[in-house]
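# Commentary on secondary and tertiary structure
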Amino acid sequence: MNYQRPKGTNDILPGESEKWQFVEETARLLFGDYQYQEIRTPMFEHYEVIARSVGDTTDIVSKEMYDFRDKGDRHVTLRPEGTAPIVRAYVENKLFGPEHKKPYKVYYTGPMFRYERPQKGRLRQFHQIGIEAFGSENPSLDVEIVAMAMDYFNQLGIRKIRLVINSIGDKETRAAYRQALIDYLEPFEAELSEDSKRRLHENPLRVLDSKDKKDKPIVVNAPSILDYLSEPAKKHFNAVTETLKYLEIDFEIDHRMVRGLDYYTHTIFEIISDAPGMGAQSTICGGGRYDGLVEELGGPAVPGFGFAMGIERILLTLEQEDVLVPAINNLDAYVVGIGERTNMEVLKVVQAIRGFGYSADRDFMERKAKAQFKSADKQGAKLVLTLGEDELEKGQINVKALASHREKTFSLEEVYQQFNEVYDEMMTFIIED
């Protein structure tokens, strides 16, 4: 029997989960400032939704999907990425209708699944935060979204990053470039990796994305897609680069960057971490424009733009840059009970404090008073309330502010009826000190 977690997955334990909350909450707050709202889609989708969107010839569909037949013999798959399910939801729920704001802006967070070789920063169940915006062809939207991604990393305290962009143009561009790439690669066919030989005529742009050592020296001299941009594609890309310069956002152009999914058009981008120790997993955010995808999934011709970020890679970047994740110290009060007879009253006090909207804790292990005070200190409690059997008889409780060491005795009735005033008075001691 195997009672260990499945290969390529992680348990996110207390102590670690707070870092995840920081990363997620920072995204929620920032995306809200940019007027994005949260969307949640199922963790599994019909196989065709992903295959049609991402592309049959991509590694994701051909090698990495967790797809299976369910009990109704439906072909379903755990979602390997976030965009296709959201486009499906956008079409199915008619979010393109006139009653909805345009562009229609959403963000998501959650687990994705790909069957690949687990390594640092790359797991079989991994987690993404992403955004999608539907309805505008304006190059300024491309730039606003890129700026939002850069802004997000800045707010996290991540500094050693750079923005890399490219254009993969429109259909006309892709058709012309596809042929030029095949013409260039065919003389090298015998030297290419097996995967690239297969892709050469199916989807030659994928060869540029190959990680195989055999392919890298060959693609280094491949023609640049930027030389094949149609006039509209050239105009769009020039507007993006000019706007980035206007906003003083530094960027590099990499004409070989193609991203790993077939649905992209025009602008694509990656944010790369230059922090030491990131290794092969240095891309921490990637995305671009996908103007034909809504139509591909049965909707009207609505343009889209989005990006996704891997939470595991963000956490790795924070670690490699020695960014201090703020500690969430939210224990307002710890109630120490001394003597058996105080047990029920201590619980009543704790519950009363929580009822006023404060966080509170107590001992359940029947430890001595000294150990309870130690526990309160370790948990960073702001106030310690001590109830002994003598205090219980008198209907009183001792309250101590740990930061100032100031103490005061209150009646239990005051705690039950107006703990907020007790709290404010004791915290005033801390401010004064």
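Within each chain, residues carry numbers counting from 1 in the order of the written sequence. With the structure being a predicted model, the display of local features is reserved for residues of pLDDT at least 70 and the display and counting of side-chain atom pairs for 80 or more, all residues being used for whole-chain, interface and lining totals. For the side-chain quantities, the full set of heavy atoms in the structure was used; hydrogens and water were omitted.

## Overview of the packing of helix α6 (residues 171–185) against helix α7 (residues 194–202)
- Orientation is described by lines fitted to C-alpha atoms, with helices fitted over the stretch in contact, and by angles between N-to-C directions that extend from 0 to 180 degrees. The secondary structure listing takes helices from DSSP runs of H or I that are at least 4 residues long and strands from runs of E that are at least 2 residues long, numbered from the N terminus. Taken N-terminus to C-terminus, the directions of α6 and α7 make an angle of 140 degrees; their axes are 9 Å apart at the nearest point. The angle between α6 and α7 falls in the class oblique. The hand of the α6/α7 crossing is left-handed. Residues Arg178, Ile182 and Leu185 of α6 touch α7, and the partners they reach there are Leu200, His201 and Glu202.
- The classification used treats Ala, Val, Leu, Ile, Met, Phe, Trp, Tyr, Cys and Pro as nonpolar, Asp, Glu, Lys and Arg as charged, and all other residues, Gly among them, as polar. Across the contact of α6 with α7, the residue classes tally to three nonpolar, one polar and two charged. What sets the label is the angle itself: under 35 degrees gives roughly parallel, over 145 gives roughly antiparallel, 65 to 115 gives roughly perpendicular, and the rest give oblique. Crossings are sorted by hand: turned counterclockwise from the far helix by less than a right angle, the near helix makes the crossing left-handed, and turned clockwise it makes it right-handed. Any two residues whose heavy atoms approach within 4.5 Å are treated as being in contact.

## Considering helix α13 (residues 343–355)
- Helices are assigned an expected span. That span is 1.5 Å times one less than the residue count. Between its first and last C-alpha, α13 extends 19 Å over 13 residues, near the 18 Å set by a 1.5 Å rise per residue.
- Of all the residues in α13, the buried ones are Val346, Val349, Val350, Ala352 and Ile353. The buried side chains of α13 occupy one side of the element, clustering within an arc of 160 degrees when seen end-on. Turned more than 90 degrees off the buried face of α13, the exposed positions are Met344 and Gly355.
- Backbone geometry just after α13 places glycine 357 at a positive phi near 95 degrees. Categorising residues by exposure relies on relative accessible area from a 1.4 Å probe, with only protein chains included: less than 20% of the type maximum marks a residue as buried, more than 50% marks it as exposed, and the intermediate range marks it as partly exposed. Read the arc as the range of directions from the helix axis to the C-beta atoms.

## Things to note about the pattern of salt bridges
- Basic side-chain nitrogens of Lys or Arg form a salt bridge, by our definition, when they fall within 4 Å of a carboxyl oxygen of Asp or Glu. In this structure the tally under the stated criterion is 26 salt bridges.
- Close ionic contact of lysine 197 with glutamate 194 constitutes a salt bridge, the shortest N to O distance being 3.3 Å. A residue pair is termed a helical-turn pair when its members lie 3 or 4 positions apart in one helix, as lysine 197 and glutamate 194 do in helix α7 at three residues.
- Given the relative accessible area of 28%, lysine 197 is considered partly exposed.
- You can call glutamate 194 exposed: its relative accessible area is 58%.

## Here's the deal with the sheet that holds strand β3 (residues 67–69)
- Strand order in the open sheet formed by three strands is β2-β4-β3, and the pairing between neighbours is antiparallel. Lying at the two open borders of the sheet, with one neighbouring strand each, are β2 (44–46) and β3. Neighbour-to-neighbour, the strand axes of this sheet turn through a mean angle of 35 degrees, independent of strand direction.
- In this scheme, strands are said to pair when DSSP sees at least two bridges between them. As judged from the three bridges shared by β2 and strand β4 (residues 75–78), these two strands associate in the antiparallel manner. Across the sheet, phenylalanine 44 pairs through a bridge with leucine 78, a residue of β4.
- Packing against the sheet, helix α2 (residues 47–54) makes contact with β2, β3 and β4, and its axis sits at approximately 80 degrees to β2.

## Some remarks on the pairing of strand β16 (residues 406–411)
- Summarising the sheet, strand β15 (residues 396–401) and β16 pair through six bridges and their orientation is antiparallel. Considered in β16, the bridge of lysine 400 is made with glutamate 407.
- Two successive antiparallel strands, β15 and β16, enclose a turn made up of four residues, where histidine 405 displays a positive phi of approximately 65 degrees.

## Considerations on the packing of helix α5 (residues 139–156) against helix α10 (residues 231–246)
- The N-to-C vectors of α5 and α10 enclose an angle of 45 degrees; their axes lie 8 Å apart at closest approach. It follows that α5 is oblique to α10 by the angle criterion. Taken as a pair, α5 and α10 cross one another with a handedness that is right-handed. Packed against α5, whose contacting residues are Pro139, Ser140, Asp142, Val143 and Val146, the element α10 presents His236, Ala239, Val240, Thr243 and Leu244 at the interface.
- Residues of the contact of α5 with α10, tallied by class, amount to six nonpolar, three polar and one charged.

## What to know about the sheet that holds strand β12 (residues 333–338)
- Strands sit in the order β13-β12-β14-β15-β16 across an open sheet of five strands; the sheet is mixed. Where the open sheet ends on each side, the last strands, each with one partner, are β13 (360–362) and β16. When the angles between neighbouring strand axes are averaged without regard to direction, this sheet yields 25 degrees.
- In this sheet, β13 lies alongside β12 in parallel orientation, the contact comprising three bridges. Following the sheet pairing, valine 335 is matched in β13 by arginine 362.
- Across the face of the sheet, α13 comes into contact with β12, β13, β14 (383–388) and β15 while running at roughly 165 degrees to β13.

## Regarding the domain arrangement of the chain
- Under the domain assignment, the chain is made up of domain 1 (16–170 + 230–321) and domain 2 (333–427).
- Start and end positions for the domains come from either an automated domain assignment or a database one. Computed from C-alpha atoms alone, the centre-to-centre distance between domain 1 and domain 2 is 49 Å.

## Remarks on the pairing of strand β10 (residues 283–289)
- With six of seven residues buried, β10 lies mostly within the body of the structure.
- Summarising the sheet, strand β9 (residues 265–273) and β10 pair through six bridges and their orientation is antiparallel. By the bridge assignment for β10, isoleucine 271 is matched with cysteine 285.
- Both β10 and strand β11 (residues 304–310) contribute to a ladder of five bridges, which runs antiparallel. Bridged to glycine 287 within β11 is phenylalanine 307.

## Some details on the UniProt feature "binding site: L-histidine" (unreviewed entry) in the chain
- UniProt positions are given in the numbering used here, feature names are shortened, and annotations may be inferred rather than shown by experiment. Mapped onto the present numbering, the UniProt feature "binding site: L-histidine" (unreviewed entry) falls on Glu81, Gly82, Thr83, Arg114, Gln128, Glu132, Arg259, Tyr263 and Tyr264.
- In this structure, arginine 114 sits in the loop between β5 (104–113) and β6 (125–134).
- Residues contacting arginine 114, with those up to four places away along its chain left out, are Ile60, Glu64, Tyr66, Pro80, Glu81, Leu123, Arg124 and Phe126.
- A polar atom in the side chain of arginine 114 sits 2.9 Å from the backbone oxygen of proline 80.
- Inspection of the secondary structure puts glutamine 128 in strand β6.
- Accessibility expressed as a relative area gives 10% for glutamine 128, which makes it buried.
- Not counting the four nearest positions on each side in its chain, glutamine 128 is found in contact with Glu81, Gly82, Tyr108, Thr109, Gly110, Met112, Ala308, Met309 and Ile311. Polar contact is the term for a pair of N or O atoms within 3.5 Å; when the atoms are in protein, one must be able to donate a hydrogen and the other to accept it, and sequence-neighboring residues count only if both atoms are side-chain atoms.

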